[in-house]
Amino acid sequence: MEKYSITDKTTEGYVFNLLDNYFKNHGFVEIQKESFETLLYRILPNIITLEPDLVVPITKNKKYIVSFSELFIDKPYIIEEDRNIRYITPYEARVRNLTYDAPLSVNINTKLIENDIIVEEINHNKVSIARIPIMVKSSKCNLYGKTGKENIKVGECSNDAGGYFIVKGNERVIVAQERLNYNNVYIFGQKKASKF
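None of the values given here were measured: they were computed from a predicted structure. Per chain, residue numbering runs from 1 following the sequence as it is written. The predicted origin of the model limits local features to residues at a pLDDT of at least 70 and limits the giving and counting of side-chain atom pairs to 80 or more, whereas totals for whole chains, interfaces and linings rest on all residues. Side-chain measures were taken over the full set of non-hydrogen atoms in the model, leaving aside hydrogen atoms and water.

K.L.:
When you look at a nonpolar patch on the surface in this model, what are you seeing that I'm missing?
P.N.:
Taken together, the side chains of Val 15, Phe 16 and Leu 19 define a hydrophobic patch exposed on the protein surface, amounting to about 250 Å² of accessible area. For Val 15, the location among the structural elements is in helix H1 (residues 12–26). Partly exposed residues are those whose accessible area sits between 20% and 50% of the maximum for their type, while under 20% is buried and over 50% is exposed, using a 1.4 Å probe and protein chains only. Judged by its relative accessible area of 42%, Val 15 falls in the partly exposed class. In this scheme, patches are assembled from residues that exceed 30% relative accessible area and form no salt bridge. Like charges are connected within 9 Å, while nonpolar side chains (Val, Leu, Ile, Met, Phe, Trp, Tyr) are connected within 5 Å. Exposure was quantified through the Shrake-Rupley algorithm and a 1.4 Å probe, taking into account, for residues, occlusion by the shown protein chains and nothing else. The term salt bridge refers to a pairing of a side-chain nitrogen on Lys or Arg with a carboxyl oxygen on Asp or Glu at a separation within 4 Å. Secondary structure follows DSSP: runs of H or I at least 4 residues long count as helices, runs of E at least 2 residues long count as strands, and numbering of each begins at the N terminus.

Okay, here's the thing in structure tokens:
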């Protein structure tokens, strides 16, 4: 098979060669993992820090202010019947029909203000507000950084690249789609051969 020209950037061959090199160096699931890491370390913290404080008016001179800061995402764990916390692997989540997820926690600061004076202030550290599915082999996965032999010991395939989620024991993957935005009007030029 003939190799594509890698010098002429306008050719289709250049693009195919570029894609071929990317997938040889990074694999097919690296894009999924990078996207999930961006969600964990950039998008979610921005949502928490950019959210304005919640102001609850109680009376004319009295109000309650709630503010959120610092996002924490733990690794997937379960609480057993004896109330012990135990970190789980994707294999165990599959076998036990569990969702491979982790708690999402924030620091919450509450202030009671009366006549512009802080009457009471309470800091609540690491309050769990939600659970988020964790992508297998991402930095928050319990298999992250493990070797092939270590993966085999916990029931995983040594060649599994990850990049998917486990929801109620079933493997789920996010499929990227390209489509037009909703609620926007698009006008396209008419084809010359069209009757209308």
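K.L.:
Whenever I open this one, the confidence of the model for the protein chain confuses me. Can you help?
P.N.:
In low-pLDDT regions, the fine details of the predicted coordinates are not to be read closely. Each residue carries a pLDDT score, the predictor's confidence in it, ranging from 0 to 100. Considering every residue of the protein chain, the mean pLDDT works out to 86; 93% of them sit at 70 or more. By mean pLDDT, H1 is the weakest element of the protein chain at 82, and strand E7 (residues 165–167) is the strongest at 94.

K.L.:
I keep staring at the pairing of strand E6 (residues 117–133) and nothing clicks. Help me out?
P.N.:
Two strands are said to pair when DSSP picks up at least two bridges between them. Sheet analysis places strand E5 (residues 101–114) next to E6, joined by 13 bridges and oriented antiparallel. Paired with Asp 101 across the strands is Pro 133, a residue of E6. Hairpin connection of E5 to E6: 2 residues between the antiparallel strands, including Asn 115 at a positive phi of 55°.

K.L.:
Got a minute to help me understand the nonpolar core in this structure?
P.N.:
One broad trend across soluble globular proteins is that nonpolar side chains are buried collectively. What makes a nonpolar core is a set of buried Ala, Val, Leu, Ile, Met, Phe, Trp, Tyr and Cys residues whose side-chain atoms join them at distances within 4.5 Å. Formed by 24 residues in total, the largest nonpolar core has its most connected members in Leu 44, Leu 71, Ile 73, Tyr 100, Ile 132 and Ile 134. Mapped by element, the contributors of at least two residues to this core are helix H2 (30–50), strand E2 (62–73), E5 and E7. The contact definition used throughout considers only heavy atoms, calling two residues in contact when any of these lie within 4.5 Å. Those residues in contact with Leu 71 that sit more than four places away from it in its chain are Leu 40, Leu 44, Pro 45, Ile 48, Leu 104, Ser 105 and Val 106.

K.L.:
Honestly, the sheet that holds E6 in this entry has me stumped. Any pointers?
P.N.:
Strand order in the open sheet formed by 4 strands is E1-E2-E5-E6, and the pairing between neighbours is antiparallel. Looking at which strands have only one partner, the edges of the open sheet turn out to be strand E1 (54–57) and E6. For this sheet the average axis-to-axis angle between neighbouring strands, irrespective of direction, equals 20°. On top of the sheet, H2 reaches E2, E5 and E6; it is set at about 165° to E2, its chief contact. Structural elements are reduced to axes, namely lines fitted to C-alpha atoms, with helices fitted over the stretch in contact, and the angle between N-to-C directions of any two is expressed from 0 to 180 degrees.

K.L.:
Would you explain the side chain of Arg 94 in this entry?
P.N.:
Its location among the elements puts Arg 94 in helix H3 (residues 90–95). In protein, a polar contact means a hydrogen-donor-capable atom and an acceptor-capable atom, both N or O and within 3.5 Å, with residues adjacent in sequence counting only if both atoms are side-chain atoms; elsewhere, any N or O pair within 3.5 Å suffices. Separated by 2.8 Å, the side chains of Arg 94 and Tyr 164 make a polar contact. What Arg 94 contacts, discounting residues up to four positions off in sequence, is Glu 156, Asp 160, Tyr 164, Ile 166, Gly 169 and Glu 171.

K.L.:
Whenever I open this one, the packing of aromatic side chains confuses me. Can you help?
P.N.:
Two rings from Phe, Tyr or Trp (for Trp, the six-membered ring) form a pair when their centres are within 6.5 Å of each other. A pair whose planes differ by under 30 degrees is stacked, one over 60 is edge-to-face, and the rest are tilted. Throughout the structure, instances matching the rule amount to 3 aromatic pairs. Between the aromatic rings of Tyr 22 and Phe 23, the centroid separation amounts to 5.5 Å while the plane-to-plane angle is 75°, which identifies the pairing as edge-to-face. According to the relative accessible area criterion, Phe 23 is partly exposed, its value standing at 28%. When the ring centre of Phe 72 is taken as origin, the NZ or CZ atom of Lys 126, which lies over that ring, is 5.5 Å away. Note on geometry: a ring has a charge over it if NZ (lysine) or CZ (arginine) is within 6 Å of the ring centre and within 35 degrees of the ring normal. Above the ring of Tyr 77, the side-chain terminus of Arg 131 is found at 5.5 Å from the ring centroid.

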